[in-house]
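Structure assessment
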Amino acid sequence: MRRFRKNIFVSFLIDLAVVVGVALVLSLLIKTFLLRSFFIPSGSMLETLQIDDRIMVNELVPDVIPLQRGDVVVFKDPGGWLGVVDSTPKPFLVEAGDWFLSAFGITAPDSAQHLVKRVIGVGGDHVKCCDADGKITINGKAITEPYIAKGAKPSSIEFDVKVPEGSYWVMGDNRYDSADSRYNQGKPGNGFVPIDNVVGRAFVVSWPLERWSWLDNYPEVFANVD
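A short tour of the structure in this document, coming up. As a convention, each chain's residues are numbered from 1 in the sequence order in which they are written. Totals for whole chains, interfaces and linings use all residues, but because this is a predicted model, local features are given only for residues with pLDDT of at least 70 and pairs of side-chain atoms are given and counted only at 80 or more. Values reported for side chains reflect all heavy atoms of the structure, with hydrogen atoms and water molecules removed beforehand.

**Description of the overall build of the protein chain**
In this description a helix means any DSSP run of H or I spanning at least four residues, a strand means any run of E spanning at least two, and both kinds are numbered starting from the N terminus. Along the protein chain, the regular secondary structure elements total 2 helices and 12 strands. Ordered by position in the sequence, the α and β elements of the protein chain form the string α-β-β-β-α-β-β-β-β-β-β-β-β-β. Each residue is placed in one exposure class: buried if its accessible area under a 1.4 Å probe, protein chains only, is under 20% of its type's maximum, exposed if it is over 50%, and partly exposed if it falls in between. Expressed as a percentage of the 226 residues in the protein chain, the buried residues total 41%. Taking the contacts inside the protein chain whose residues are at least 6 apart along the sequence as the reference set, 73% of them involve residues at least 24 apart. Any pair of residues with heavy atoms lying within 4.5 Å of one another is described as a contacting pair.

What follows is the structure, encoded as structure tokens:
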């Protein structure tokens, strides 16, 4: 009887280890090739995204599905946008715990090393601010942006750029507090985000639950842009 109980307990542990192992492998595959989770560390995308919101990111974009104007995009720093990033190593157990939890999408420890902005211009676009009505123009067509705060100007500084092929011009929805393409024109990449730096397109706010919502890319805003 004792041996029988022992065998049941050992079998249970083996089954549990297999289930956890399979779940971990599947989570890693999904995270590597399909979806990732990020926390929002700043207010640069207010009111669309709040600080500490969790977003889900489609990693098939832009490698399989091209980015479009209006998409909310997560990308790696093209060079100097984030300033000095704290690279102090964490204790081993903390690092291991972060890695394990991030594999299941529970945490996103590298969120502060990425940026989240909205794509305004794609390769070949001529993006300018602002016209006589105070609006951004893309290829000579003015756009009205409902995702920025009511009454806010599209930009407090002027710019006139041609987006290189394979790059993007990005801006935060909180135009008064977003260190986006406008403010990084003197750094590597001249303020543009290369396609190789793009992690993916954010498509849903997944946490907190009361803020669960799809992220709109407002195709009507850019419908008349050639």
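On we go.
**A short note on the environment of R201**
Here R201 lies in strand β11 (residues 198–207). Look at R201 and you get partly exposed, because its relative accessible area is 23%. Residues R201 and L215 lie 14 residues apart in sequence; the distance between their C-alpha atoms is 9.6 Å. Contacts of R201, omitting those with residues within four sequence positions, involve M56, V57, N58, V61, L67, D71 and V72.

**Focus on the pattern of salt bridges**
The salt bridge definition used is simple: a Lys or Arg side-chain nitrogen within 4 Å of an Asp or Glu carboxyl oxygen. A full pass over the atoms with the stated rule returns 6 salt bridges. In this structure, D53 engages R211 in a salt bridge whose closest nitrogen and oxygen atoms are separated by 2.7 Å. Of this pair, D53 sits in the loop between β1 (35–39) and β2 (54–58) while R211 sits in the loop between β11 and β12 (213–214), and the two are 158 residues apart along the sequence. D53 gets classed as buried once you look at its relative accessible area, which sits at 1%. Residues D173 and R118 are paired through a salt bridge, measuring 2.8 Å at the closest nitrogen-oxygen approach. Placement of D173 in the loop between β9 (167–171) and β10 (193–194) and of R118 in strand β4 (residues 114–121) is noted, with a sequence separation of 55 residues between them. Given the relative accessible area of 1%, D173 is considered buried.

**Points about the sheet that holds strand β6 (residues 137–138)**
Strand order across the open sheet formed by 4 strands is β7-β6-β5-β8, with antiparallel pairing between neighbours. Every interior strand has two partners, whereas the edge strands, β7 (141–142) and β8 (159–162), have only one. Being paired, for any two strands, means DSSP has found at least two bridges between them. Taken together, the 4 bridges between strand β5 (residues 126–129) and β8 define a ladder with antiparallel strand orientation. Directly across from H126, in β8, lies its bridge partner K162.

**Looking at the environment of P188**
Tracing the sequence through the fold places P188 in the loop between β9 and β10. Judged by relative accessible area, P188 falls into the exposed class, the value being 53%. Sequence-wise, P188 and G79 are 109 residues apart; in three dimensions their C-alpha atoms are separated by 5.5 Å. Aside from chain neighbours lying at most four places away, what touches P188 is P78 and G79.

**A short note on the nonpolar core**
In this structure, V127, I136, I143, Y147 and W169 are the most contacted members of the largest nonpolar core, which totals 18 residues. When contributions to this core are tallied by element, the ones reaching two or more residues are β5, β8 and β9. Ignoring anything within four residues of it in the chain, the contact list for I136 reads V127, K128, C129, C130, K141, A142, I143, E145, P154, F159, M171 and R175. Each nonpolar core is a collection of buried residues, namely Ala, Val, Leu, Ile, Met, Phe, Trp, Tyr and Cys, held together in the definition by side-chain atoms within 4.5 Å. Grouped together as the second largest cluster of nonpolar side chains are 13 residues, I40, V74, V199 and L215 included.

**Some remarks on unusual backbone geometry**
Following V61, the chain continues into P62 via a peptide bond in cis, with omega recorded as 5°. You can see P62 is positioned in the loop between β2 and β3 (72–76). At the junction of W207 and P208, the peptide bond is cis and its omega measures out at 0° in the coordinates. For N139, which is not glycine, the phi dihedral falls at a positive 55°. With respect to the helices and strands, the residue N139 is situated in the loop between β6 and β7. Classification of N139 as partly exposed rests on a relative accessible area of 27%. Even without being a glycine, N190 presents a positive backbone phi close to 60°. Residue position: N190 is located in the loop between β9 and β10. Residue classification places N190 among the partly exposed positions, given a relative accessible area of 47%.

Coordinates in, geometry out; function isn't part of it.
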